[in-house]
Amino acid sequence: MALEHITVLDLTHMLSGPYGTMLLADLGARTIKVEPPGSGEGTRRLLEHDPDYARDGMGAYYLTLNRNKQSVCVDLKSDAGRAVFLDLVRKADVVFDNFSVGVTTRLGIDYAALSQVNPRIVTCSVTGFGQTGPDTQRPAFDQVVQAMGGGMSITGTPQSGPTRSGIPIGDLGGGVFGAVGVLAALVERDRTGRGQHVDISMLDAQISLLNYMATMHLMSGHIPEGIGNGHFVHVPYNSYPTADGHVIVACIGDPFFERFAAFIGLPELQKPEYLQQPVRFAAKEEIDALVGAEMRKHPTAYWLAQLREARIPCGPVNNFAQALADPQVVARDMVVEVPLPAGGTVRMPGNPVKLSAAADRAFTAPPTLGAQTREVLGDWLGYDAQQLDALRAQGAIA
């Protein structure tokens, strides 16, 4: 695996941080969760007793985000526990957290402190607003940064009002950029021999994802509004109801429209002026209504077959069951079986990063709390049984 030579100390909790370290673990990094004795990190408790969404006392959040990881229980608030953690840092490559700004400094495990112990260490912190600027101490969760980042204002319609993304893109975006930042810092370390700190703001990530739409606003001063499933340039580009569902048609540019108009055969779309995008866009509501009325006459499967034959970009609006059973998704190993600690397996999304030189990934079970404490501290750090027992008696480890 590409990252099998890398060891990550994972101090993360909830979603943004654990997702980032899950991506690194999926790529082969030895990822050691460092959890507080007692309850462990927060997602262990989410849905743990739900009959639909828990297995072996672990909820769907924890099961998904912590595959391929190990768990060590260390009390970072005690001197003895912090000394154990520093021993781990001496041999590790990455320390990844999503604590609030200032927590690692108060614990004495920020980059400045850890780089004194291991100059090659790369640290990453994913926070709501980053570690500089006036809002570093503001708490933030997914929907807060979705709202502040502008994305909600263009999701939905003027009638429905702003709408959050159905997936927690605020949290997940922070995790993705955290993993990217760590990989960049590791590459630079290969050149310089020194690590560095990666500062990821969830709000920054949302602003980055605005991409060309933000540039268009900055160029023109125009403030875009929500346009539902339509597009602010291309027509027809929308979700259209069929006899039994919805189909996306995406005609980008004049040539695709010309092909689509010939395919669907509606006389009203044969106007020569419609071959020009500005004219089509001015008639967007009329064109969408015509296309929608026509597509209601047949079921989704009919339209998909016809549109694909005509080479018109299209796709069904899948529910979760349909999306996860899609033959393309299955062929790409995007639904995987992950073992459970007590036996059996649970199905979950796979790893989207496909590397041609990588061996097939055998997923390992999400760890029970502290399951590898003795293994990691004994086999990896070389602590003997007497040391381990003494640390456990002090409450420094569990």
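Residues numbered from 1 in each chain as written. Predicted model: local features only at pLDDT ≥ 70, side-chain atom pairs only at ≥ 80, totals over all residues. Heavy atoms only, no water.

**Things to note about the overall build of the protein chain**
Stage number 1. Looking only at helices and strands, one finds 16 helices and 15 strands in the protein chain.
Stage number 2. Referenced to the eigenvectors of the C-alpha coordinate spread, the extents of the protein chain come out at roughly 85 × 50 × 40 Å.
Stage number 3. Expressed as a percentage of its 398 residues, the buried residues of the protein chain come to 43%.
Stage number 4. Of the roughly 20000 Å² of accessible surface on the protein chain, 56% is carried by carbon and sulfur atoms.
Stage number 5. In the protein chain, 32 side chains carry a positive charge and 41 a negative one; their mean positions are 3 Å apart. (Helix = DSSP H or I, 4+ residues; strand = E, 2+ residues; numbered from the N terminus. Buried < 20%, exposed > 50% of the residue type's maximum accessible area, 1.4 Å probe, protein only. Areas by Shrake-Rupley, 256 points an atom, 1.4 Å probe, with all protein chains shown as cover. Lys, Arg positive; Asp, Glu negative; His and termini not counted. Charge placed at Lys NZ, Arg CZ, Asp CG, Glu CD.)

**Remarks on the packing of aromatic side chains**
Stage number 1. Under the criterion given, the structure shown has 5 aromatic pairs.
Stage number 2. A ring pair is formed by Y302 and W303, whose centres lie 5.2 Å apart and whose planes are at 80°; its orientation type is edge-to-face.
Stage number 3. For Y302, a relative accessible area of 34% translates into the label partly exposed.
Stage number 4. Looking at R30, its charged tip hangs above the ring of W380, at a distance of 5.3 Å from the centre. (Phe/Tyr/Trp six-rings, centres within 6.5 Å; stacked < 30°, edge-to-face > 60°. Lys NZ or Arg CZ within 6 Å of the ring centre and 35° of its normal.)

**Overview of the sheet that holds strand β12 (residues 246–250)**
Stage number 1. Within the open sheet, the 3 strands sit side by side as β11-β12-β13. Their pairing is antiparallel. The open sheet has two edge strands with one neighbour each: β11 (237–241) and β13 (314–316). Taking each pair of neighbouring strands and ignoring which way they run, the sheet shows an average axis angle of 20°.
Stage number 2. Where β11 and β12 come together, 5 bridges link them in antiparallel fashion. Along β12, the bridge assignment pairs Y237 with A250.
Stage number 3. Strand contacts of helix α11 (residues 284–295): β11 and β12, with the helix running at about 35° to β11, the strand carrying the most contacts.
Stage number 4. Of the strands in this sheet, β12 and β13 touch helix α12 (residues 300–309), which is tilted by about 160° from β13. (Pairing = 2+ DSSP bridges. Axes fitted to C-alpha atoms, helices over the stretch in contact; angles between N-to-C directions. Contact = heavy atoms within 4.5 Å.)

**Details of the environment of L15**
Stage number 1. Within the secondary structure layout, L15 lies in the loop between β1 (7–10) and α1 (16–26).
Stage number 2. Each C-alpha atom, one on L15 and one on F260, is 42 Å from the other, the two residues being 245 residues apart in sequence.
Stage number 3. Setting aside residues no more than four positions away along its own chain, L15 makes contact with L65, P168, D171 and L172.

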